[in-house]
Amino acid sequence: MQRVCRDDGKILLLEHGRSKTYEGLSNYLDANAERHAKNWGCIFNRDIDGLMDEAGLEIESLTTWHFGTTYYVVAKPKSKESDLRRAKASNVVATSGLLPDNRDRVQCSCR
């Protein structure tokens, strides 16, 4: 999504995900995720925070509902300058700015 979003654009996400607040609820989601995905096509126990971090999105706001399992996120692509600083700091050569291989997991989980 970073690749196709303008530098001044916003990325809006409405996602199902793991509850960071209620461990018992997350355990229930984990136990039933496969069946739910087969029935409804939605994987509702993903680590949304981790996926956004892996994708390198800059989070402007994050709100959760439904015991922490529904996420509303306003994010933006990281600036090219911050990507270059991060690459230099880790001695990694900056590439074309494509998302990691899991980029489809940051998009809407329910299809």
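Residues numbered from 1 in each chain as written. Predicted model: local features only at pLDDT ≥ 70, side-chain atom pairs only at ≥ 80, totals over all residues. Heavy atoms only, no water.

## Observations regarding the overall build of the chain
What counts is decided by this rule: Elements are defined by DSSP. Helices are runs of H or I of four residues or more, strands are runs of E of two residues or more, and each kind is numbered from the N terminus. Here's how the labels work: a residue is buried when its accessible area is under 20% of the maximum for its type, exposed when over 50%, partly exposed in between, all with a 1.4 Å probe on protein chains only. Between two residues, a contact is recorded if the distance between any of their heavy atoms is within 4.5 Å. Here the accessible surface of atoms and residues is derived via Shrake-Rupley with a 1.4 Å probe, and residues count as covered only by protein chains that are part of the display.
A tally of regular secondary structure across the chain gives three helices and three strands. Each helix and strand of the chain, ordered N terminal to C terminal, gives the series β-α-α-β-β-α. Counting every position in the chain, which comprises 111 residues, the buried fraction comes to 33%. In the chain, the proportion of contacts linking residues at least 24 apart, taken out of those at least 6 apart, comes to 63%. Approximately 7600 Å² of the chain is accessible, and the part contributed by carbon and sulfur atoms is 52%.

## Some details on the sheet that holds strand S1 (residues 11–16)
The condition is simple: At least two DSSP bridges between two strands are needed for those strands to be called paired. Orientation is described by axes fitted as lines to C-alpha atoms, over the contacting stretch for helices, and by angles from 0 to 180 degrees between their N-to-C directions.
Here we have three strands laid out as an open sheet, ordered S1-S3-S2, and antiparallel in their pairing. Every other strand in the sheet has two partners, leaving S1 and strand S2 (58–65) as the edge strands with one partner each. When the angles between neighbouring strand axes are averaged without regard to direction, this sheet yields 15°. Both S2 and strand S3 (residues 70–76) contribute to a ladder of seven bridges, which runs antiparallel. Note on S3: the bridge partner recorded for Thr63 is Tyr72.

## Quick look at the side chain of Thr70
The condition is simple: N or O atoms closer than or at 3.5 Å make up a polar contact, with two conditions inside protein: a donor-capable atom paired with an acceptor-capable one, and, for residues adjacent in sequence, both atoms drawn from side chains.
Following the sequence through the fold, Thr70 ends up in strand S3. There is a polar contact of 2.7 Å between the side chain of Thr70 and the side chain of His66. Apart from residues lying up to four places away in sequence, Thr70 is in contact with Leu14, Glu15, His16, Thr63, Thr64 and Trp65.

## Some words on the packing of aromatic side chains
Put simply, the rule reads: Two aromatic rings, drawn from Phe, Tyr or Trp (for Trp, its six-membered ring), form a pair once their centres lie within 6.5 Å of each other, and the interplanar angle then sorts them: stacked below 30 degrees, edge-to-face above 60, tilted otherwise.
Summed over the entire model, instances satisfying the criterion amount to one aromatic pair. With centroids separated by 5.5 Å and ring planes inclined at 85°, the aromatic side chains of Tyr22 and Phe67 adopt a geometry described as edge-to-face. Separated by 45 residues along the polypeptide, Tyr22 in the loop between S1 and helix H1 (23–40) and Phe67 in the loop between S2 and S3 bring together distant segments of the chain. The class of Tyr22 is partly exposed, set by a relative accessible area of 41%.

## Let's talk about the pairing of S3
Taken across its seven residues, S3 has five buried, putting it largely inside the fold. One ladder, built from six bridges, connects S1 with S3; its direction is antiparallel. When the sheet's bridge partners are listed, Leu12 is paired in S3 with Val74. The hairpin formed by S2 and S3 contains four residues between the paired strands, and His66 there has a positive phi angle of roughly 50°.

## Description of a nonpolar patch on the surface
This is how it is decided: Like-charged residues are merged into a patch within 9 Å and nonpolar side chains (Val, Leu, Ile, Met, Phe, Trp, Tyr) within 5 Å, provided each residue has over 30% relative accessible area and no salt bridge. Salt bridge criterion: a side-chain nitrogen from Lys or Arg within 4 Å of a carboxyl oxygen from Asp or Glu.
On the surface, Leu12, Leu14, Trp65 and Tyr72 cluster together into a nonpolar patch covering about 430 Å² of accessible area. For Leu12, the position within the fold is in strand S1. Look at Leu12 and you get exposed, because its relative accessible area is 54%.

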